[in-house]
Amino acid sequence: MSEELVYVVPRAAVLDAAGWYGLRTDGLEAFVAALEREGRYEPRGAMERDPGFKQVIPYLVLRDGPRYFLMRRTTAGGDERLHGLYSIGVGGHLNPGDGGLLGGLRREWAEELVAGFVPEFRLVALLNDDTTEVGAVHLGAVYVADAAGRPVAIRETHKLSGSFVAPADVAAVADRLETWSRLTFAFLSEGPVVPVGTAGRS
């Protein structure tokens, strides 16, 4: 079985030498342009060890008005480090055939969630955290979407549980949120999120 290919972009194409920590809303159009110009598929194993590249991860925060879709990982997941942790993000690596950021996000939506609709995905920020080995080789493209009262459920219920909860309920487990979710929740809690231009297009 061949190794998984994931979509990457040279670090220098999307980050300056110093990088940054957390989320930023400027430069989204330039980011999408850099992906289209310089992104390519490479073997995941090699990219996990090469900080000269960033593996691009579309990362969706699903809302229902003010509420967040909050998920918790069970002990059935493969990575024990994640057991019991909470997340507000749905996403994963981009693979050949996905058709860009939005295509990959639609695939993740179908794989992770049970819903009778596909919402509008709006690109609102980029997420970077070079403080960990994993974060140093990944870059998040943070999207938001609104369920608008429509039901959503977890597909793989043996690995995750999830439901819409009030912001206060997310804040109550902030110390148990996965790093990207903690950073994103803090960012979104600062005020309304306005997507920049038309950068959400793949």
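Here, every reference points to the structure presented above.
Residues numbered from 1 in each chain as written. Predicted model: local features only at pLDDT ≥ 70, side-chain atom pairs only at ≥ 80, totals over all residues. Heavy atoms only, no water.

Considerations on the overall build of the protein chain
Here comes step 1: Summing up its helical and strand segments, the protein chain has six helices and twelve strands in all.
Here comes step 2: When each of the 202 residues of the protein chain is scored for burial, the buried share is 47%.
Here comes step 3: Counting contacts in the protein chain only where the partners sit at least 6 residues apart, residues at least 24 apart contribute 76% of the total. (Helix = DSSP H or I, 4+ residues; strand = E, 2+ residues; numbered from the N terminus. Buried < 20%, exposed > 50% of the residue type's maximum accessible area, 1.4 Å probe, protein only. Contact = heavy atoms within 4.5 Å.)

Notes on the pattern of salt bridges
Here comes step 1: Taken as a whole and assessed by the stated rule, the structure comprises 13 salt bridges.
Here comes step 2: The partner of Arg67 in a salt bridge is Asp64, with the nearest N and O atoms 2.8 Å apart.
Here comes step 3: Residue classification places Arg67 among the partly exposed residues on the basis of a relative accessible area of 33%.
Here comes step 4: Here Arg107 makes a salt bridge to Glu111, at a shortest N to O gap of 3.3 Å. In this pair, Arg107 and Glu111 both sit in helix α4 (residues 100-112), four residues apart, roughly one turn of the helix.
Here comes step 5: Judged by its relative accessible area of 22%, Arg107 falls in the partly exposed class.
Here comes step 6: Ionic contacts of the salt-bridge type, sharing partners, join the residues Asp98, Arg107, Glu108 and Glu111 into one network. (Salt bridge = Lys/Arg side-chain N within 4 Å of Asp/Glu carboxyl O.)

What to know about the pairing of strand β4 (residues 53-64)
Here comes step 1: With respect to burial, β4 is a largely interior element, twelve of its twelve residues being buried.
Here comes step 2: Where burial is concerned, the two faces of β4 agree: the one with Phe53, Gln55, Ile57, Tyr59, Val61 and Arg63 and the one with Lys54, Val56, Pro58, Leu60, Leu62 and Asp64 are both buried.
Here comes step 3: Pairing of strand β1 (residues 5-10) with β4, which is carried by three bridges, proceeds in the antiparallel orientation. Paired with Pro10 across the two strands is Phe53, which belongs to β4.
Here comes step 4: Across nine bridges, β4 lies against strand β10 (residues 138-146) in parallel orientation. Paired with Gln55 across the bridge in β10 is His138.
Here comes step 5: By the bridge criterion, three bridges tie β4 to strand β7 (residues 89-91) in an arrangement that is antiparallel. Its bridge partner being in β7, Leu60 is matched across the sheet by Val90.
Here comes step 6: Summarising the sheet, β4 and strand β5 (residues 67-73) pair through two bridges and their orientation is antiparallel. Bridging across to β5, Arg63 finds its partner in Tyr68. (Pairing = 2+ DSSP bridges.)

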